[in-house]
Amino acid sequence: MTEQSMTEQKIIRVLKIFIALGITLILTGHYLLVSDIFAQQNSIHSIMIGAVFIAVGILCSLPTKIYLTILLMKMEAEHDQHTQ
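What you are looking at is a predicted structure, and each value in this text was computed from that prediction instead of being measured.

(A) Summary view of the overall build of the chain. Each helix and strand in the chain was counted, giving three helices and zero strands. When the helices and strands of the chain are listed from N to C terminus, the series reads α-α-α. Here the chain holds 84 residues, and 20% of them are scored as buried. For the chain, the share of sequence-separated contacts (at least 6 apart) that also reach a separation of at least 24 residues comes to 70%. Of the roughly 6,500 Å² that the chain leaves accessible, carbon and sulfur atoms contribute 69%.

(B) Structural detail: the environment of Ile17. Along the chain, Ile17 turns up in helix 1 (residues 3-34). When the C-alpha positions of Ile17 and Cys60 are compared, they lie 9.6 Å apart, and in sequence the two are 43 residues distant.

(C) Representation of the environment of Thr24 within the structure. Within the element layout of this structure, Thr24 appears in helix 1. The exposure class assigned to Thr24 is partly exposed, which follows from its relative accessible area of 46%. Linking Thr24 and Phe53, residues 29 residues apart in sequence, is a C-alpha distance of 9.2 Å.

(D) Geometry of the nonpolar core. Residues Ile12, Leu15, Ile19, Leu68 and Leu71 constitute the largest nonpolar core, which totals five residues. Contributing elements (two or more residues each) for this core: helix 1 and helix 3 (43-83). A per-element tally of this core places helix 1 first, with three residues. When near neighbours in sequence (up to four residues on either side) are disregarded, Ile19 contacts Ser61, Thr64, Lys65 and Leu68.

(E) Representation of a nonpolar patch on the surface within the structure. Nonpolar side chains collect at one region of the surface, where Leu33, Val34, Ile44, Ile47 and Met48 lie side by side and expose about 480 Å² of accessible area between them. Counting residues per element, the ones that place at least two in the nonpolar patch are helix 1 and helix 3. Judged by its relative accessible area of 55%, Val34 is exposed.

(F) Spatial organisation of helix 3. Taking 1.5 Å as the rise per residue, helix 3 with 41 residues should run 60 Å; its terminal C-alpha atoms sit 59 Å apart, in good agreement. When we look at burial in helix 3, the residues that qualify are Ser46, Gly50, Gly57, Cys60, Ser61, Thr64, Leu68 and Leu71.

(G) Up close: the confidence of the model for the chain. Confidence in the prediction for the chain averages 83 pLDDT; 87% of positions are at 70 or higher. Helix 2 (residues 36-41) is the least confidently modelled element of the chain, averaging 67 in pLDDT, while helix 3 averages 86, the highest of any element.

Rules behind the numbers
Residues numbered from 1 in each chain as written. Predicted model: local features only at pLDDT ≥ 70, side-chain atom pairs only at ≥ 80, totals over all residues. Heavy atoms only, no water. Helix = DSSP H or I, 4+ residues; strand = E, 2+ residues; numbered from the N terminus. Buried < 20%, exposed > 50% of the residue type's maximum accessible area, 1.4 Å probe, protein only. Contact = heavy atoms within 4.5 Å. Areas by Shrake-Rupley, 256 points an atom, 1.4 Å probe, with all protein chains shown as cover. Core = buried A, V, L, I, M, F, W, Y, C linked by side-chain atoms within 4.5 Å. Patch = residues over 30% accessible without salt bridge, like charges linked within 9 Å, V, L, I, M, F, W, Y side chains within 5 Å. Salt bridge = Lys/Arg side-chain N within 4 Å of Asp/Glu carboxyl O. Expected span 1.5 Å × (residues − 1). pLDDT = per-residue confidence, 0-100.

This is how it looks when you write it as structure tokens:
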């Protein structure tokens, strides 16, 4: 494998970790908003904290999904070009 290919694989691995982290944060924020445990202590603050978890989760996962899609489309185009 080439050095560029290894670098792209490392980038893809890091982006997949960010997607998993984002989805985990989104699910944690949803759990905090739905559960009664956190809402009983401080109502407005718990809503804000849950919303922050969801917002940070979206910020982590959405751009990386877009970048991975573009990168995978590029790799597929290169693969198709080599097979022809």
